[in-house]
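# Descriptive analysis of the structure
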Amino acid sequence: MGKSFFKKYAPYFQALPLWLVMIVFMLVPIIVIVFYSTYRVENYVIASDFRLDDLGFLKQYWTTISNGSTWVAYWTGIKLTFFAWVISLVIGLMVSYYLVFDVAKLSTKIGLFLICVIPFWTSGVIRTLAWLPFFGIDGIVNRFLVWLGIVDAPLEFLLYSEFTVVVSYVHIYSLFMVAPIFNTMARINPSLIEAAIEYGASGWQTFRHVVLPLSMPGIVIGTIFVVTLAMGDFTSIKILGGGQTGNPAYLMVNFIPLQYPTAAAQGIILLVVLLLFVAGLTRIVDIRKQL
């Protein structure tokens, strides 16, 4: 009886450590944040506002959603994330296609892929700070442009602007697009490419009708990584945005010192938005085969 019991429920016991980790380090913190999001701040003191009789605990969420700064932050965050996603997607497709279909030797493929990975061994904060001397008023780019005579004065938009934030996002998160697309393209049967070419398809037609559809699971996985990481980023916004732009995560950080319940509500709203986004993508493309 004992052996049959453990044999029957062996998969559950094997998954138990993972479930415990997820409950302790993911579910419990979310519950705590939801709990604090129902509080209010009065005279710099956090007080409970949890009342089931009149749904008073939802007041913080309604106040947060109806706040104009929230909508501005989400619009800015979506805009920055969209541009970063488009550029990362193009880079991911180009790099992955080259590594999979243009490089013949496996050792060369691995070597080139490792070259793509090496910069990501450095901290993201360090890589973000590295753009300051590069795009600064007296930075490398401006000095070079002035030296060539292309501009008469340094370009101010190169630093502390949305442009710099997008560049930083692409720099930091592009690998999260390259890796899953590369993994998906590597599974494409080369005979499909050969068949398309034999039937007269051009290179673009082969890519559009064969490679791209079969790469969609990898594109979706990369999209999930890039979008969720960019929407939840505040380091690049703070360092390279210079207070001239923002996103939901940066707005949340600004509320933390004195308005922690509002910051908690902002965090839960952002989590729900991203979960809905991920759920929508997974309904369009089945990514379970790639996981």
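Looking at an unreviewed UniProt entry, the protein carries the name ABC transporter permease, with the source organism given as Marinibaculum pumilum. Under the UniProt heading Subcellular location (unreviewed entry), the note attached to the protein is "Cell membrane".

A tally of regular secondary structure across the protein gives 16 helices and two strands. For the protein, whose C-alpha radius of gyration is 24 Å, the value lies well above the compact-globule estimate of 19 Å for 291 residues. A principal-axis box enclosing the C-alpha atoms of the protein has dimensions of 80 × 70 × 35 Å. Among the 291 residues that make up the protein, the fraction classed as buried is 37%. Counting only contacts in the protein whose residues sit at least 6 apart along the sequence, the fraction spanning at least 24 positions is 69%. Put simply, the protein shows about 18,000 Å² of open surface, and 72% of that area lies on carbon and sulfur atoms. Of the side-chain charges in the protein, 17 are positive and 13 negative, and the distance between the mean point of each set is 14 Å.

We now examine the nonpolar core. In terms of nonpolar packing, the biggest core is built from 40 residues, with Leu-93, Tyr-169, Ile-181 and Met-185 touching the most fellow members. Residues in contact with Ile-181, not counting those within four places in the same chain, are Leu-89, Gly-92, Leu-93, Ser-96, Gly-218 and Ile-219. Formed by 11 residues, the second largest nonpolar core is a distinct cluster that contains Met-252, Ala-263, Ala-265 and Leu-270.

In the numbering used here, UniProt assigns the "transmembrane region" (unreviewed entry) feature to residues 12–36, 82–100, 112–137, 157–182, 210–231 and 263–285. Strand forms 0% of residues 112–137 and helix 65%; the C-alpha atoms that close the span are 34 Å apart.

Relative to the 16 Å expected for 12 residues at 1.5 Å per residue, helix 12 (residues 203–214) spans 16 Å between its end C-alpha atoms, a close match to the ideal helical length. Of all the residues in helix 12, the buried ones are Thr-206, Phe-207, Val-210 and Val-211. Buried residues of helix 12, seen end-on, are gathered within an arc of 125° and therefore sit on one face of the element. Seen from the buried face of helix 12, the exposed residues on the opposite side, beyond 90 degrees, are Trp-204 and His-209. Tucked inside the fold, the buried residues of helix 12 contact helix 4 (68–102), helix 10 (175–185) and helix 11 (190–198).

It is worth spelling out the packing of aromatic side chains at this point. We describe a pair of aromatic rings using the distance from one ring centre to the other and the angle between the two ring planes. Tallied over the full model, the rule gives 17 aromatic pairs. Seen from their ring centres, Phe-157 and Phe-163 are 5.6 Å apart, and the 70° between their planes marks the pair as edge-to-face. Classification of Phe-157 by relative accessible area gives partly exposed; the value is 45%. Each residue in the set Trp-131, Phe-134, Phe-135, Phe-157 and Phe-163 is aromatic and connected to the rest through ring pairs, giving one cluster.

Looking now at helix 9 (residues 162–173). Residues separated by three or four positions in an α-helix point in the same direction, a consequence of the helix having 3.6 residues per turn. Its 12 residues give helix 9 an end-to-end C-alpha distance of 16 Å, which sits within 8% of 16 Å, the value for a rise of 1.5 Å per residue. Structurally, helix 9 contributes buried residues whose contacts are with helix 4, helix 6 (124–129), helix 7 (131–135), helix 10, helix 13 (216–231) and helix 14 (235–241).

Another aspect to go through is the environment of Tyr-98. As for its position among the elements, Tyr-98 is in helix 4. Its relative accessible area of 43% is what places Tyr-98 among the partly exposed residues. Taking C-alpha positions, Tyr-98 is 9.5 Å from Phe-182, a pair spaced 84 residues apart along the chain.

Close approach of charged atoms allows side chains of opposite charge to pair. Tallied over the entire structure, the rule returns two salt bridges. Asp-138 is the partner of Arg-143 in a salt bridge, and the nearest nitrogen-oxygen pair spans 3.0 Å. Assessed through its relative accessible area of 55%, Asp-138 is described here as exposed.

Right, let's get into the environment of Val-146. Assignment of secondary structure puts Val-146 in helix 8 (residues 140–148). Setting aside anything within four residues of it in sequence, one finds Val-146 in contact with Val-151, Ala-153 and Pro-154.

On to unusual backbone geometry, then. In this model, Tyr-160 sits at a positive phi of 55°, which is unusual for a non-glycine residue. Its place among the elements puts Tyr-160 in the loop between helix 8 and helix 9. Tyr-160 gets classed as partly exposed once you look at its relative accessible area, which sits at 43%.

The contact between helix 4 and helix 13 brings their axes to 9 Å, and the two run at 145°. For the pair helix 4 and helix 13, the sense of crossing is right-handed. Between helix 4 and helix 13, the residues in contact are Tyr-74, Gly-77, Ile-78, Thr-81, Trp-85, Leu-89 and Leu-93 and Ile-219, Thr-223, Val-226, Val-227, Ala-230 and Met-231, respectively. By residue class, the composition of the contact of helix 4 with helix 13 is 10 nonpolar, three polar and no charged.

Thresholds applied
- Residues numbered from 1 in each chain as written.
- Predicted model: local features only at pLDDT ≥ 70, side-chain atom pairs only at ≥ 80, totals over all residues.
- Heavy atoms only, no water.
- UniProt positions renumbered as here; feature names shortened; annotations may be inferred.
- Helix = DSSP H or I, 4+ residues; strand = E, 2+ residues; numbered from the N terminus.
- Rg over C-alpha atoms; globule rule 2.2 N^0.38 Å.
- Buried < 20%, exposed > 50% of the residue type's maximum accessible area, 1.4 Å probe, protein only.
- Contact = heavy atoms within 4.5 Å.
- Areas by Shrake-Rupley, 256 points an atom, 1.4 Å probe, with all protein chains shown as cover.
- Lys, Arg positive; Asp, Glu negative; His and termini not counted.
- Charge placed at Lys NZ, Arg CZ, Asp CG, Glu CD.
- Core = buried A, V, L, I, M, F, W, Y, C linked by side-chain atoms within 4.5 Å.
- Expected span 1.5 Å × (residues − 1).
- Arc of directions from axis to C-beta.
- Phe/Tyr/Trp six-rings, centres within 6.5 Å; stacked < 30°, edge-to-face > 60°.
- Salt bridge = Lys/Arg side-chain N within 4 Å of Asp/Glu carboxyl O.
- Axes fitted to C-alpha atoms, helices over the stretch in contact; angles between N-to-C directions.
- Left-handed = near helix turned anticlockwise from the far one by under 90°.
- Nonpolar A, V, L, I, M, F, W, Y, C, P; charged D, E, K, R; others polar.

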